Amino acid sequence: MFFKTCGIVFLSVSGIVLTILLIAESVKRVETNNVAIMYDVVKKDLLSVHGPGLYNGPPFFKWITFNGVYKQLEQKIKCVTQDGLLVDLDVSFQYIPKYAFLNSIAKKYKNQGSFEKLLLHASHSAILIACTSFNITEYQNNRPQIQLQIEKNIIQKVQLMNADAIAAQLINVQVPNDWNQA
């Protein structure tokens, strides 16, 4: 009788511990300034998209997080002008993934890091295209127009990846020293 009672108590205690563990693993939070997709690890399925807060889901789920506010990316690029001279550009812009497309973004790019890496490649391409539209004298005399063209190109490329871009800045332009001295 004693062993039956101990067995029942053990099953009850282990059941309670298991229940507590499952509940604890079913509640997780999305940090401020992030949006996240709930991912069911067991079923390997993307579920719903959530903003900051505390949420419950299937046991042992995880979040695939993306920035929920505009994030700045910067890059230094060597490009060739319309007249064939090499120019160094420092460019920055801000982006945010489109909330409605987060599931497809996660399916294509897996996570924030991969998405950002490909955004940098896309914006790099956009900057190179804008760079070849101007000759070397325009980099000295018409910098606002160059910045607008870079911003326009970045916005177009980033929109193809289901994100929005704003505030492209042409931070620095370094023309060749030989051209400067001439």
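To be clear, the structure that these remarks concern was listed above.
What you see is a predicted model; the values in this text were computed from it and never measured.

A. Expanded view of the sheet that holds strand E2 (residues 34-40). With antiparallel pairing, the three strands of this open sheet are ordered in space as E3-E2-E5. If you trace the sheet from one side to the other, it starts and ends with strand E3 (45-50) and strand E5 (62-67), each paired once. Sheet twist, expressed as the average angle between the axes of neighbouring strands with direction ignored, equals 25 degrees. Where E2 meets E5, six bridges bridge the pair, whose relative direction is antiparallel. The partner of Asn 34 across the bridge, within E5, is Asn 67. The strands that helix H2 (residues 102-109) touches are E2, E3 and E5; relative to E3, the one it contacts most, it runs at about 135 degrees.

B. Structural view of the packing of aromatic side chains. Considering all chains together, one arrives at five aromatic pairs under this definition. Taking 6.2 Å as the distance between ring centres and 85 degrees as the angle between the ring planes, the aromatic pair formed by Phe 66 and Phe 115 counts as edge-to-face. Taken together, the residues span a long stretch of sequence, with Phe 66 in strand E5 and Phe 115 in helix H3 (residues 112-131) at a distance of 49 residues. Centroid distance Tyr 109 to Phe 115: 5.2 Å. Interplanar angle 50 degrees. Geometry classified as tilted. Taken together, the ring pairs connect Phe 66, Tyr 95, Tyr 109 and Phe 115 into an aromatic cluster.

C. Summary view of the environment of Asn 56. Here Asn 56 is to be found in strand E4 (residues 53-56). A sequence separation of 28 residues divides Asn 56 from Lys 28, and the C-alpha atoms of the two residues are 6.4 Å apart.

D. Just helix H5 (residues 143-159), in detail. The terminal C-alpha atoms of H5 lie 24 Å apart, and with 17 residues this matches the ideal 24 Å at 1.5 Å per residue to within 8%. For H5, every residue scored as buried is listed here: Ile 146, Ile 150, Asn 153, Ile 154 and Val 158. The arc that holds the buried residues of H5, viewed along the axis, is 125 degrees, so those residues lie on one side. Opposite the buried face of H5, at more than 90 degrees from it, the exposed residues are Pro 144 and Leu 148. Contacts from the buried residues of H5 go to strand E7 (86-97), H3, helix H4 (136-141) and strand E8 (163-174).

E. Looking closely at the pattern of salt bridges. Evaluated as defined, the whole model comprises four salt bridges. A salt bridge links Asp 90 to Lys 76; the nearest nitrogen and oxygen atoms lie 3.3 Å apart. In this pair, Asp 90 is assigned in strand E7 and Lys 76 in strand E6 (residues 71-80), connecting sequence segments 14 residues apart. Overall, Asp 90 belongs to the buried group, its relative accessible area being 16%. Lys 76 sits in the exposed class, given a relative accessible area of 67%. In this structure, Asp 88 engages Lys 78 in a salt bridge whose closest nitrogen and oxygen atoms are separated by 3.0 Å. Within this pair, whereas Asp 88 is found in strand E7, its partner Lys 78 is found in strand E6, the two being separated by 10 residues in sequence. Residue classification places Asp 88 among the partly exposed residues on the basis of a relative accessible area of 28%.

F. The sheet that holds E6, seen in detail. An order of E6-E7-E8 is seen for the three strands of this open sheet, with the pairing classed as antiparallel. The open sheet has two free edges, formed respectively by E6 and E8, since each of these has just one partner strand. Averaged over all pairs of adjacent strands, the angle between strand axes in this sheet comes to 25 degrees, irrespective of strand direction. Bridge count between E7 and E8: nine bridges; the pairing is antiparallel. Of the residues in E8, the one forming a bridge with Tyr 95 is Ala 165. Together, E7 and E8 form the strand contacts of H5, whose direction differs from that of E8 by roughly 145 degrees.

What counts as what
- Here the residue index of a chain counts from 1 through its sequence in written order.
- Residue-level local features of this predicted model are given only where pLDDT is at least 70; pairs of side-chain atoms are given and counted only at 80 or more, and the full residue set underlies all totals for whole chains, interfaces and linings.
- Hydrogens and waters are ignored; side-chain quantities use all the structure's heavy atoms.
- Note on pairing: DSSP must find at least two bridges between two strands before they are called paired.
- Note on conventions: DSSP H or I runs of at least 4 residues are helices, E runs of at least 2 residues are strands, and numbering of each starts at the N terminus.
- Note on method: axes are straight lines fitted to C-alpha atoms, helices fitted across the in-contact stretch only, with angles between N-to-C directions ranging 0 to 180 degrees.
- Contacts between residues were defined by any pair of non-hydrogen atoms, one from each residue, lying within 4.5 Å.
- The criterion for an aromatic pair is that two Phe, Tyr or Trp rings (for Trp, the six-membered ring) have centres within 6.5 Å, with stacked assigned to planes under 30 degrees apart, edge-to-face to planes over 60 apart and tilted to the rest.
- Here the expected span of a helix is defined as 1.5 Å times the quantity of residues minus one.
- Type-normalised accessible area, obtained with a 1.4 Å probe on protein chains alone, sets the label of each residue: buried when under 20%, exposed when over 50%, and partly exposed for intermediate values.
- Picture the helix axis, draw a direction to every C-beta atom, and the arc is the one those directions span.
- Salt bridge, as applied in this entry: a Lys or Arg side-chain nitrogen positioned within 4 Å of an Asp or Glu carboxyl oxygen.

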